[in-house]
Every structure is written in structure tokens, then in C-alpha cells.
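Results of the structural survey
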Amino acid sequence: MVYLIKDVISHLESIAPPAYQEHYDNSRLITGDADAEVSGILCALDTTEAVVEEAKDKGCNLIIAHHPILFKGIKSLTGKTYVERTIIRAIKNDVAIYAIHTNLDAVQQGVNQKIAQKIGLQQPRILAPKKGILTKLTTFIPAENADEVLQSLYQAGGGTIGQYAHCSFRVAGTGTFLPLDGATPYLGAAGTESRVEEVRVELMFPNHLRARMVQTLKAAHPYEEVAYYLQALENEHQEVGSGMIGQLPEPMEGREFLRHVKKSMGLQVLKHTALSGKKIQQVALCGGAGIFLLPAAIHLKADVFITADIKYHEFFDADGQITLADIGHYESEIYTKELLKDLLSQKFSNIATYLTTIVTNPISYL
């Protein structure tokens with residue numbers, strides 16, 4: 001079967017919707033033609049000139065990277081920076097670059113879950129769930145059509161809460177309407193007021209599905225004019241947010257745990273605050289720069305918080321309440337390329353998919 005670049009993008013964005021990326025981010029197709037046929041995929045943390053060359057050598061015309069090569073607009077392409085040289089090389093060699101960054105950080109099955117798996121955490125969940133990204137749909141359906149309409153709304157992405165699907169609320173009532181001249185009502189007749197046994201239905205959906213949900217409702221509903229309203233919710237979305245928290249199968253001594261992390265994550269070095277002497281079992285983490293989540297980790301009584309890019313004075317903020325461990329930005333996210341390969345191989349088994357062998361870490365250790 002032939003797949004286009006846009007097919008691969010569509011699959012990835014069904015897992016990590018672009019709507020979940022942070023405002024400063026640039027998760028998208030950065031170079032290339034979305035309608036081009038995919039010859040092979042190279043998964044990477046970063047895109048550099050060497051990574052583009054590797055893609056070319058492996059016969060791949062698509063790089064899926066975690067970090068966007070472009071964060072800001074550029075006004076020229078003269079090759080004066082590594083960013084410009086990378087973009088030029090990708091375009092010259094017909095290599096598309098697609099970035100899936102903070103939106104992949106934000107979802108339950110994303111970057112932080114991969115770290116949790118490497119460390120061996122059980123029952124990992126989002127550390128700081130996002131608020132304000134859910135909408136409630138309320139509509140009114142003839143009782144005989146309610147199941148059919150609801151099934152369509154479920155298929156469009158509505159009614160899922162955590163590990164539960166087809167979540168809705170129904171209450172029976174009587175609807176009234178008077179079709180005016182020119183109307184072609186599903187029930188009743190123009191000029192005559194009708195009373196119909198209807199079901200009031202409520203269900204939630206993520207905000208980014210709004211257009212699809214309304215379109216689906218209107219297509220599936222039997223009425224010519226569909227009565228509905230949408231309500232923005234402040235509820236937390238438990239499967240979308242920042243960081244992750246989980247438990248070790250058994251408590252570990254502090255130094256034993258840090259050695260375990262160092263081995264599991266393949267680290268050369270690990271920086272940490274003083275150990276309290278208390279055993280560690282509840283572990284919070286965030287790939288990349290996640291110190292902003294320290295208050296959430298403390299609030300949820302994590303014994304340790306693992307992240308990267310912690311500044312000197314920020315280590316003081318642990319204040320004896322928690323152990324802070326900085327494992328490095330590259331080191332915390334390098335296994336994202338494995339996550340991407342797994343997500344792609346499950347869907348596109350006939351496309352050659354590779355992990356980059358290029359070490360893009362700009363930091364060396366002596």
C-alpha cells in the first residue's frame with residue numbers, strides 16, 4: 001500500500017493533536033510536500049545536517065523529529081547558521097522534516113510515559129493535567145434516533161473520559177416546535193405545532209474536535225434545524241498535560257534509586273540535591289526543562305522529581321521537601337525516537353522506519 005507524508009502526519013496528530021502544543025512551539029511539517037509518497041522514515045530527537053544526510057543515505061524522504069529545527073521565522077537562507085544549512089540540505093535532497101514536540105510531551109502515551117517505562121514506574125499518570133481544553137455538547141434528539149446519533153458522536157471523538165468510552169448523559173422530555181412556511185420537517189407539518197418525545201443528551205469532547213463534532217451532529221441528526229449548545233469547561237483533562245507521576249514496584253534507598261535511573265537512562269552523569277535518607281517510591285518526572293512542575297510534584301508528595309535544565313538557584317527550591325535530579329535535556333528525551341518508531345511501525349508496517357544513529361547532543365562530558 002502506498003502512503004503519503006500527510007498520511008503519516010495524520011496518524012501522529014491523531015495521537016498528539018497539534019492543538020496541545022505550547023504557544024511558543026512549532027510542531028508541524030517544516031519542509032517538504034505533504035502529498036509526496038513516503039519512501040522511508042528516519043526518527044530523531046533533533047534534525048541536523050548529519051541527520052538529513054543519514055536520511056538520504058538510508059533512502060528516507062521523511063524525518064520525524066521531536067525538536068523543531070525552526071522555532072522562529074527566518075528572513076534568509078544563506079547557510080550562515082546550522083539551522084539554515086539543515087533546511088537547505090533537506091530541501092535540496094527532497095527530505096521532508098516534521099516536528100512533533102510539546103504536543104507529544106502533553107499526551108498520556110507520549111514522551112514522559114516512555115521515560116516512566118524506562119525507569120520502571122507503575123500506573124503512571126499526568127502530573128499536571130491541563131484545564132480549559134474540554135467542551136460539553138448538549139443536544140436534543142427524537143428518542144428513536146438517540147442511539148444512532150450518539151454512536152456517530154462517539155466515533156467523531158466525543159464521550160471519552162480516561163479509560164471509559166461512550167460516556168454521555170440522557171434525560172427524556174418533550175420538545176415543541178412550529179414549522180413555518182418553507183420548512184421541511186422530519187416530524188410534523190408546516191403550520192402545525194408539534195410535541196415530540198425527545199432525549200436531552202450531554203457529552204464532553206476535546207476543544208480541538210469542535211468543528212468535527214458539530215458537523216457530525218448535523219449530519220447524523222434527523223432534524224432540518226438541529227438544536228444544540230456548546231459549553232466551555234474548566235475540568236482538567238486527565239490524559240493531557242505536563243509531566244508524569246508513578247510508583248516504583250518496591251521502595252528503594254535514595255542512592256540505589258539514582259544509580260538505577262543512571263543505568264536505565266544510559267547516563268554519564270546525574271546531578272541531584274542532598275538525599276533525605278527516606279526511601280523513594282513515588283516518582284515524578286518531566287522530559288526536557290520541567291522545573292516549573294516542582295510545586296506539582298511536591299503537592300502530590302513525590303519523593304523525587306526527575307527533569308533537566310535545572311539552574312543552580314532552582315535546586316534550592318527543593319527545600320528538603322523532595323529530591324531533585326537533573327539528568328540532562330538530551331538524555332531525558334533521547335528515547336523519544338524509539339517511541340516515534342513504535343508509533344509508526346504499528347500503523348505503517350510496510351514503510352522502512354529507522355532510528356537515527358547520529359548523536360545530536362551538543363554537550364560533551366569530560
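Heads up: the structure comes first, above all this text.
Keep in mind it's a predicted model, so treat the numbers as computed, not measured.

Conventions used here
Residues numbered from 1 in each chain as written. Predicted model: local features only at pLDDT ≥ 70, side-chain atom pairs only at ≥ 80, totals over all residues. Heavy atoms only, no water. Patch = residues over 30% accessible without salt bridge, like charges linked within 9 Å, V, L, I, M, F, W, Y side chains within 5 Å. Areas by Shrake-Rupley, 256 points an atom, 1.4 Å probe, with all protein chains shown as cover. Salt bridge = Lys/Arg side-chain N within 4 Å of Asp/Glu carboxyl O. Buried < 20%, exposed > 50% of the residue type's maximum accessible area, 1.4 Å probe, protein only. 1 Å grid on protein atoms, 1.4 Å probe; cavity = no way out; pocket = protein on both sides within 12 Å on 5 of 7 lines; lining within 4 Å. Points joined across faces, edges and corners; volume = space filled by probe spheres on them. Helix = DSSP H or I, 4+ residues; strand = E, 2+ residues; numbered from the N terminus. Nonpolar A, V, L, I, M, F, W, Y, C, P; charged D, E, K, R; others polar. Pairing = 2+ DSSP bridges. Contact = heavy atoms within 4.5 Å. Axes fitted to C-alpha atoms, helices over the stretch in contact; angles between N-to-C directions. Arc of directions from axis to C-beta.

Bringing a nonpolar patch on the surface into the picture now. Taken together, the side chains of Ile74, Leu77 and Ile91 define a hydrophobic patch exposed on the protein surface, amounting to about 250 Å² of accessible area. A residue is classified by how much of its surface remains accessible, and Ile74, at 37% relative accessible area, is partly exposed.

Bringing the layout of surface pockets into the picture now. In this structure, the largest pocket spans a volume of roughly 840 Å³. In terms of lining residues, the largest pocket is bounded by 44 residues, among which His67, His101, Asp309, His329 and Glu333 are the most central. Where the lining of the largest pocket is concerned, the elements lending two or more residues are helix H3 (82–92), helix H4 (102–106), strand E10 (236–252), strand E12 (280–289) and helix H11 (329–333). Its residues placed into classes, the lining of the largest pocket shows 19 nonpolar, 15 polar and ten charged. Of the voids in this model, the second largest pocket is the one considered here, and its volume is about 660 Å³. Contributing to the lining of the second largest pocket are 27 residues, with Tyr20, Thr160, Pro206, His237 and Val240 lying nearest its centre.

A separate point is the sheet that holds strand E13 (residues 304–308). Across the sheet, six strands lie side by side as E5-E10-E12-E13-E14-E11; this open sheet has mixed pairing. Looking along the sheet, the strands with just one partner apiece sit at the ends: strand E5 (122–131) and strand E11 (271–272). Together, E5, E10, E12 and E13 form the strand contacts of helix H5 (residues 111–119), whose direction differs from that of E12 by roughly 140°. On the sheet, helix H8 (residues 254–264) packs against E10, E11, E12, E13 and strand E14 (323–326) and is oriented at approximately 120° with respect to E10.

Our next topic: helix H6 (residues 146–155). In an α-helix, one full turn covers 3.6 residues, which means residues spaced three or four apart are oriented alike. Among the residues making up H6, those that are buried are Ala146, Val149, Leu150, Leu153 and Tyr154. The buried residues of H6 all sit within an arc of 140° when viewed along its axis, so they share a single face. Counted as exposed and oriented over 90 degrees from the buried face of H6: Glu148 and Gln155. For H6, the secondary structure elements touched by its buried residues are strand E6 (134–142), strand E7 (169–177), strand E8 (194–206) and helix H7 (210–220).

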